[in-house]
Amino acid sequence: MKALVKARPEPGLWLQDVPEPTIGINDVLIRVLRTGICGTDVHIFDWNDWAKSTISVPMVIGHEFVGEIVEVGSNVNDFHPGEWVSGEGHVVCGRCRNCMAGLRHLCANTSGVGVNRPGCFAEFIALPMTNVWRHERGMDRDVAAIFDPFGNAVHTALTFDVLGEDVLITGAGPIGIMAAAVARHAGARYIVITDLNDYRLELARKVRVDLAVNARETSLKDVQKKLGMKEGFDVGMEMSGSPAAFRDMLNNMAHGGRIAILGIPSGEIAIDWHEVIFNMLTLKGIYGREMYETWYKMTVLLQSGLDIRPVITHRFSYKDFKEGFRVTASGNSGKVILNWEEL
Ligand code: NAD
Ligand code: ZN
């Protein structure tokens, strides 16, 4: 089968013929239809320090996808060929304390699809049945392909109650924008999103934020004044990984404010802890999604009218993956989809 392989320990990605995966009794074999490109894939392409220390080559990469089941193992009773599914990208151990308590997203021993085990940038992927999420037939395939980052957005946006609250999102990448759409759907009062990139701020306006502001040009104090806010933001979602954005957020929270942190900084960040302590802030780190409450929420939020399609800006054949990666890395894009169906 065709697959995008990190074949050598150097920058790049190679379209190669590799053997089709085989399945065990508890696994599901899926023909991949559409995939999403994630920042993680770009890091692996670029071969940055994280990738060097994490990926063993050769590795088929990619973890955002929708596909059609073609075969199930003998122990699999509730998935069937022909069904459309996506995959949870963290394969958990099932045996650690948190897994045993049903808190699989807190597993101590996860293995990452397209990072530690073969991924979905390929014609086929095999996954344990415990990692498969079924879509209704007729579901928008591009939307289904990005359930993984959509899950990051839903998990972060619903971590703290946003009904009637004023929400600040730093970073209008695809995940920040989807989180804004979820917060709107969930009844937030004001939603302010910041970025340094005007293309992305324009994209964020499509999901009905109250203000999309360039942090280089407008201060959050001025934003608060403009909206008539008096005491600061109630809920923060850090989705940029930027130290400056995080400090700015801390400085603009209401007393008792709650911050969910998804953005991954490239190193340590020094903050003024007085702001956390004397303003009695709650900080919570977010990784991945909840298995499978977040997946359930994603499905029903879409059924109840949430629209995340504006965040998808580019579509390419997998054969044009280099262009897809270039557009993703440029920042002048939302989600970029690679199509694996016969073209
Ligand atoms: P992205 O890189 O596309 O978006 C980040 C955005 O932040 C960019 O648009 C960038 O211009 C903006 N930004 C940079 N500096 C800023 C500043 N000072 N103020 C405001 N905005 C600023 O990433 P994404 O795919 O949308 O993901 C969001 C973040 O979440 C990334 O840091 C990513 O690494 C991280 N992530 C975490 C998890 C997890 O499980 N914790 C999962 C996926 C992604
Ligand atoms: Zn575990």
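Shown above is the structure to which this text applies.
Treat the numbers as computed from the prediction; the structure is a model and nothing was measured.

K.L.:
Would you mind going over the coordination of the zinc ion (ligand 2) with me for this structure?
P.N.:
By definition of the ideal shapes, four donors in a tetrahedron about a metal sit 109.5 degrees apart, and six donors in an octahedron sit 90 or 180 degrees apart. In this structure, Cys93 (SG), Cys96 (SG), Cys99 (SG) and Cys107 (SG) serve as the protein donors to the zinc ion (ligand 2), at separations of 2.3 to 2.4 Å. Around the zinc ion (ligand 2) sit 4 donor atoms, and with donor-metal-donor angles ranging over 103 to 121° the site reads as tetrahedral. For cysteine 93, a relative accessible area of 29% translates into the label partly exposed. The exposure class of cysteine 107 is buried, given its relative accessible area of 10%.

K.L.:
How should the pattern of salt bridges be read in this particular structure?
P.N.:
Two side chains bearing opposite charge may form a pair once their charged atoms approach each other closely. With the rule as written, the count across this model stands at 20 salt bridges. Note that arginine 137 and glutamate 68 form a salt bridge whose closest N and O atoms lie 3.8 Å from each other. Highlighted residues: arginine 137 in the loop between β10 (132-135) and α4 (141-145) and glutamate 68 in strand β5 (residues 64-72), separated in sequence by 69 residues. Between arginine 205 and glutamate 202 there is a salt bridge, and its shortest N-O distance comes to 2.8 Å. Note that arginine 205 and glutamate 202 are positioned in helix α7 (residues 198-205) at a spacing of 3 residues, about one turn of the helix. Through salt bridges with shared partners, one network takes in Arg34, Arg141, Asp142, Arg315 and Glu341.

K.L.:
What's the story with the site of ligand 1 in this structure? I'm lost.
P.N.:
In the region of ligand 1, 19 residues are neighbours, and Asp195, Arg200, Ser242, Ile286 and Gly288 sit closest. Between ligand 1 and aspartate 195, the relevant distance is 2.6 Å, taken from an oxygen atom to a side-chain nitrogen or oxygen of the residue. Measuring from a nitrogen atom of ligand 1, one finds a backbone N or O atom of isoleucine 286 at 2.8 Å. When ligand 1 sits alone it has 850 Å² of accessible area, and the protein chains cover 77% of it. Here the residues of the shell around ligand 1 are counted per class, giving 9 nonpolar, 8 polar and 2 charged.

K.L.:
Can you walk me through helix α9 (residues 243-250) in this structure?
P.N.:
In an α-helix, one turn spans 3.6 residues; hence positions three or four apart end up facing the same way. Residues of α9 that are buried: Ala245, Phe246, Met249 and Leu250. Around the axis of α9, the buried residues are gathered within 135° of arc, so they sit on the same side. Considering only its buried residues, α9 is in contact with β11 (167-170), β14 (233-238), β15 (253-261), α10 (273-278) and β16 (282-285). Measuring from the backbone nitrogen of alanine 244 back to the side-chain oxygen at the start of α9 gives 3.3 Å, which picks out serine 242 as the cap.

K.L.:
Is there a simple way to explain the side chain of glutamine 224 in this structure?
P.N.:
Assignment of secondary structure puts glutamine 224 in helix α8 (residues 220-227). A distance of 3.0 Å separates a polar atom in the side chain of glutamine 224 from a polar atom in the side chain of asparagine 252. Residues within four places of glutamine 224 in sequence aside, it is in contact with Met229, Glu231, Gly232, Phe233 and Asn252.

K.L.:
Help me understand a nonpolar patch on the surface, please; the structure alone is not making it clear to me.
P.N.:
Judged by side-chain polarity, Trp273, Ile277, Phe278 and Leu283 come together as a nonpolar surface patch covering roughly 440 Å² of accessible area. Ranked by the residues each element gives to the nonpolar patch, the list is headed by α10, at 3 residues. With respect to the helices and strands, the residue leucine 283 is situated in strand β16.

K.L.:
Is there a simple way to think about the packing of helix α5 (residues 147-157) against helix α11 (residues 293-303) in this case?
P.N.:
To characterise two packed helices, one gives the angle between the axes of the helices and the distance between these axes. Two elements in contact, α5 and α11, have axes separated by 9 Å at closest approach and are oriented at 95°. What the angle tells us is that α5 and α11 run roughly perpendicular. Taken together, the residues of α11 that come into contact with α5 (itself represented by Phe147, Phe150, Gly151, Val154 and His155) are Thr294, Trp295, Lys297, Met298, Thr299, Leu301 and Leu302. The class makeup of the residues in the contact of α5 with α11 is 7 nonpolar, 4 polar and 1 charged.

K.L.:
Help me out: how do you make sense of the pairing of strand β17 (residues 312-317) in this one?
P.N.:
Walk down a regular strand and you will see the side chains alternate between the two sheet faces. Of the pairings in the sheet, the one linking β17 to strand β18 (residues 335-339) comprises 5 bridges and is parallel in character. Note that in β18 the partner of isoleucine 312 across the bridge is lysine 335. Between the parallel elements β17 and β18, the chain passes through helix α12 (residues 321-330) in a crossover that is right-handed.

K.L.:
Honestly, the pairing of strand β12 (residues 191-195) in this entry has me stumped. Any pointers?
P.N.:
Within β12, 5 of the 5 residues are buried, which leaves the element mostly enclosed by the surrounding structure. Residues Ile191, Ile193 and Asp195 of β12 are buried on one face, and the alternating residues Val192 and Thr194, pointing to the opposite face, are buried as well. Two strands pair when backbone bridges link them, and β11 and β12 are joined in this way by 4 bridges, in the parallel orientation. When the sheet's bridge partners are listed, valine 167 is paired in β12 with isoleucine 191. A crossover links β11 with its parallel partner β12, the connecting element being helix α6 (residues 174-185), and its sense is right-handed. Two strands pair when backbone bridges link them, and β12 and strand β13 (residues 211-214) are joined in this way by 4 bridges, in the parallel orientation. Bridged to aspartate 195 within β13 is asparagine 214.

K.L.:
What am I meant to see in α8 here?
P.N.:
Residues of α8 that are buried: Leu220, Val223, Gln224 and Leu227. Along the long axis of α8, the arc covered by the buried residues comes to 100°, so they all point the same way. Of the exposed residues in α8, those oriented more than 90 degrees away from the buried face are Lys225 and Lys226. The inward-facing, buried residues of α8 abut β11, β12, β13, β14 and α9. Just beyond α8, the residue with positive phi is glycine 228, at close to 75°.

Definitions and cut-offs
- Residues numbered from 1 in each chain as written.
- Chains lettered and ligands numbered in written order.
- Predicted model: local features only at pLDDT ≥ 70, side-chain atom pairs only at ≥ 80, totals over all residues.
- Heavy atoms only, no water.
- Donors = N, O, S within 2.8 Å, 3.2 Å for Na, K, Ca; no water.
- Tetrahedral: all angles 85-135°; square planar, octahedral: opposite > 155°, others 65-115°.
- Buried < 20%, exposed > 50% of the residue type's maximum accessible area, 1.4 Å probe, protein only.
- Salt bridge = Lys/Arg side-chain N within 4 Å of Asp/Glu carboxyl O.
- Helix = DSSP H or I, 4+ residues; strand = E, 2+ residues; numbered from the N terminus.
- Near = heavy atom within 4 Å.
- Polar contact = N/O pair within 3.5 Å; in protein donor to acceptor, adjacent residues only side chain to side chain.
- Areas by Shrake-Rupley, 256 points an atom, 1.4 Å probe, with all protein chains shown as cover.
- Nonpolar A, V, L, I, M, F, W, Y, C, P; charged D, E, K, R; others polar.
- Arc of directions from axis to C-beta.
- Contact = heavy atoms within 4.5 Å.
- Patch = residues over 30% accessible without salt bridge, like charges linked within 9 Å, V, L, I, M, F, W, Y side chains within 5 Å.
- Axes fitted to C-alpha atoms, helices over the stretch in contact; angles between N-to-C directions.
- Parallel < 35°, antiparallel > 145°, perpendicular 65-115°, else oblique.
- Pairing = 2+ DSSP bridges.
- Right-handed = clockwise from strand over helix to strand, strands pointing away.

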